[in-house]
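One letter stands for each residue in the lines below.
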Amino acid sequence: MEAELEGIDDSSVEILQDLILNWLQVLHPQHYLILLLKRKLLASLKLVTSSNPPRALLTQTIELAEESIRVFDMLDPGLTILRGRMMQYRNGPQLMIAKMDLQ
């Protein structure tokens, strides 16, 4: 599984989502490989959401970031670089949704 993870294209959202769904049939949702895949998915979603993204994509990004924050708060509590990065991944889409709601 780790070899498969290293060989995938990090910029393809569809491939990452399919891989997460397949691995969730075998691994726990908070397994480190699943968490790694979700972080890669967040990074690729951030690239996609730079231009006018749909609301569903923004909501998915927020949910993934919040899930990662919850897990990493247990593993590494406090103010960490990873927590800051996850908050960036969460706050950008939240701001975009707030702007959509105002229009």
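In case you missed it, the structure is sitting above this.
Everything numeric in this text was worked out from a predicted model, so none of it was measured. (Residues numbered from 1 in each chain as written. Predicted model: local features only at pLDDT ≥ 70, side-chain atom pairs only at ≥ 80, totals over all residues. Heavy atoms only, no water.)

S.K.: What is the right way to read the side chain of R90 from this model?
M.R.: If you trace the backbone, R90 turns up in helix α5 (residues 81-102). Buried charge R90 goes without a salt bridge, the closest partner of opposite sign being E66 at 4.7 Å. A polar atom in the side chain of R90 sits 3.4 Å from the side chain of N91. Every residue in contact with R90, bar those within four places of it in the chain, is listed here: I62, A65, E66 and I69. (Helix = DSSP H or I, 4+ residues; strand = E, 2+ residues; numbered from the N terminus. Buried < 20%, exposed > 50% of the residue type's maximum accessible area, 1.4 Å probe, protein only. Lys, Arg positive; Asp, Glu negative; His and termini not counted. Salt bridge = Lys/Arg side-chain N within 4 Å of Asp/Glu carboxyl O. Polar contact = N/O pair within 3.5 Å; in protein donor to acceptor, adjacent residues only side chain to side chain. Contact = heavy atoms within 4.5 Å.)

S.K.: I would appreciate a short explanation of helix α3 (residues 32-48) in the present structure.
M.R.: Each turn of an α-helix holds 3.6 residues, which means side chains three or four residues apart point in the same direction. Its 17 residues place the ends of α3 24 Å apart at the C-alpha level, agreeing with the 24 Å of an ideal helix rising 1.5 Å per residue. Contacts made by the buried residues of α3 are with α1 (2-6), α2 (13-24), α4 (55-75) and α5. (Expected span 1.5 Å × (residues − 1).)

S.K.: Would you mind going over α2 with me for this structure?
M.R.: With 12 residues, α2 extends 16 Å from end C-alpha to end C-alpha; this agrees with the ideal 16 Å at 1.5 Å per step. Within the sequence span of α2, burial applies to V13, L16, L19, I20 and W23. Buried residues along α2 cover an arc of 130° about the axis, so they all sit on one side. Exposed positions of α2 whose direction lies more than 90 degrees from the buried face are E14 and L21. Here the buried face of α2 lies against α1 and α3. (Arc of directions from axis to C-beta.)

S.K.: Is there a simple way to think about the nonpolar core in this case?
M.R.: As a rule of thumb, nonpolar side chains are buried together in soluble globular proteins. Core analysis: the biggest nonpolar cluster contains 20 residues, and L5, I8, W23, L37, L41, L42 and L45 have the highest contact counts within it. Those elements that provide at least two residues to this core are α2, α3, α4 and α5. Examining the composition of this core, we find that six residues originate from one element, α3, more than from any other. Those residues in contact with L45 that sit more than four places away from it in its chain are V13, L57, Q60, T61 and L64. (Core = buried A, V, L, I, M, F, W, Y, C linked by side-chain atoms within 4.5 Å.)

S.K.: I keep staring at the packing of α3 against α5 and nothing clicks. Help me out?
M.R.: Working note: a packed helix pair is described by the angle between its axes plus the distance between those axes. One way to put it is that α3 packs onto α5 with a least axis distance of 11 Å and a crossing angle of 45°. Taken as axis vectors, α3 and α5 run oblique relative to one another. The element α3 and its partner α5 pack so that their crossing is left-handed. Here R39, L42, A43 and K46 of α3 come into contact with α5, specifically with L82, M86 and Y89. Here the residues of the contact of α3 with α5 sort into five nonpolar, no polar and two charged. (Axes fitted to C-alpha atoms, helices over the stretch in contact; angles between N-to-C directions. Parallel < 35°, antiparallel > 145°, perpendicular 65-115°, else oblique. Left-handed = near helix turned anticlockwise from the far one by under 90°. Nonpolar A, V, L, I, M, F, W, Y, C, P; charged D, E, K, R; others polar.)

S.K.: Got a minute to help me understand the pattern of salt bridges in this structure?
M.R.: Scanning all chains against the criterion turns up four salt bridges. Between R55 and D101 there is a salt bridge whose closest N-O contact spans 3.0 Å. One end of the pair, R55, is in helix α4; the other, D101, is in helix α5, and 46 residues separate them in sequence. Put simply, R83 and D73 hold a salt bridge, and the shortest N to O gap is 2.7 Å. In this pair, R83 sits in helix α5 while D73 sits in helix α4, placing the two residues 10 residues apart along the sequence.

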